[in-house]
Amino acid sequence: MDGMDRTGDDDLFARLKAYEGRPATLAGTGKDPVNLPMIRHWCEALGDTNPAYTGPGAIAPPTMLQAWTMGGLAGHTTRTPAYDELLGLLDEAGCTSVVATDCEQEYLRPLRPGDEITFDTVIESVSVRKTTKLGTGYFVTTRTRIHAGGELAGTHRFRILKYAPARRKKAPADTRPRPVVNRDNAGFWEGVQRHELLIQRCADCRTLRFPWLPGCDACGGLDWDTVRAAGDGTVHSYVVMHHPPFPAFDPPYAVGLIELVEGVRIVSNVVGVPYDKVRIGMPVRLEFRRYDDELVLPVFRGELFRGGLS
Ligand SMILES: [Zn+2]
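The structure displayed is predicted, hence computed values, not measured ones.

Caption draft 1: Here's a closer look at the pairing of strand E12 (residues 265–271). Sheet analysis places strand E11 (residues 253–260) next to E12, joined by five bridges and oriented antiparallel. Opposite Val-255, over in E12, you have Asn-269 as the bridge partner. From the end of E11 to the start of E12, which pair antiparallel, there are four residues, and Gly-263 there has a positive phi angle of about 105 degrees.

Caption draft 2: Geometry of the domain arrangement of the chain. When the domains of the chain are assigned, the result is domain 1 (11–165) and domain 2 (186–302). Computed from C-alpha coordinates alone, the two centres of domain 1 and domain 2 are separated by 51 Å.

Caption draft 3: Looking closely at the UniProt feature "domain: FAS1-like dehydratase" (unreviewed entry) in the chain. UniProt's feature table lists "domain: FAS1-like dehydratase" (unreviewed entry) at residues 29–149, given in the numbering used throughout. Span residues 29–149 is 19% helix and 31% strand, its end C-alpha atoms 11 Å apart.

Caption draft 4: Summary view of helix H3 (residues 81–92). Taking 1.5 Å as the rise per residue, H3 with 12 residues should run 16 Å; its terminal C-alpha atoms sit 16 Å apart, in good agreement. Of the residues flanking the end of H3, it is Gly-94, one or two places downstream, whose phi is positive at about 95 degrees.

Caption draft 5: Representation of the environment of Ser-268 in the model. Inspection of the secondary structure puts Ser-268 in strand E12. In sequence terms Ser-268 and Tyr-238 are 30 residues apart; their C-alpha atoms lie 9.4 Å from each other. For Ser-268, the residues in contact, after removing those within four places along its chain, are Gly-256, Ile-258, Pro-298, Val-299 and Phe-300.

How each quantity is defined
- Residues numbered from 1 in each chain as written.
- Predicted model: local features only at pLDDT ≥ 70, side-chain atom pairs only at ≥ 80, totals over all residues.
- Pairing = 2+ DSSP bridges.
- Helix = DSSP H or I, 4+ residues; strand = E, 2+ residues; numbered from the N terminus.
- Domains from an automatic or database assignment.
- UniProt positions renumbered as here; feature names shortened; annotations may be inferred.
- Expected span 1.5 Å × (residues − 1).
- Contact = placed C-beta atoms within 7 Å.

Next comes the structure, spelled out in structure tokens:
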């Protein structure tokens, strides 16, 4: 494995290792016998239409193995303190984060509606300390043996990484803040990367809208396409920022509410003219400015009025 850190003979590791082989659950029982309604919900959720899982001779999908052992919101009363103690030791050592890494199942016999489930879980292994991209910690593997009618039906091995999160590199204070990109506006920011300013257009009533929204304010329509802004506009309004100072910006600077020729308005920087020469009605032209390796933003270059209005 990557990032092996063979310092496994430390004191903590010895204490963790002592939990190997100890039970995490003893004589657990399934909350419900294997049953058709749970099988049906599972198959619907996964879109699994295999005929083996329906009808009089139905079996349960093998991958449901763990589902029959789950405690639900109320949990199980058959858990032993060992697993919680082990996780507690890791918490104390600073490994406070957890991520499930993998799961391995083995199927020995099919489960059928009516099968009563019993199970037991052991702490199978604790790894030596390992460093991953997420941070440094220990892999903890548990193994659950699932029985139906006293017969071993399968095993379920579950592995987590309990780790101390790696410190993230902090962005320098003078890094321009990132836009918040979400499902509703991702298309806009993809356009910006290609140096296109895209305006949403309702597919039903053709109303243009900006900023991007999931639905049309005019008709409620949810379908849309986009129109590429020609790039011409005027300053509809503006403010000059003097305060508060923020390291990524260099006050004073002008923030404009730009009215595009298409009729929608966008908040952006007005560049290319001194902040105190920006005026309402000033013609502006779209351009794209690169701020760093990742960040490109649309800005608007002002043109001073001819005839010396300023
Ligand atoms: Zn509409």
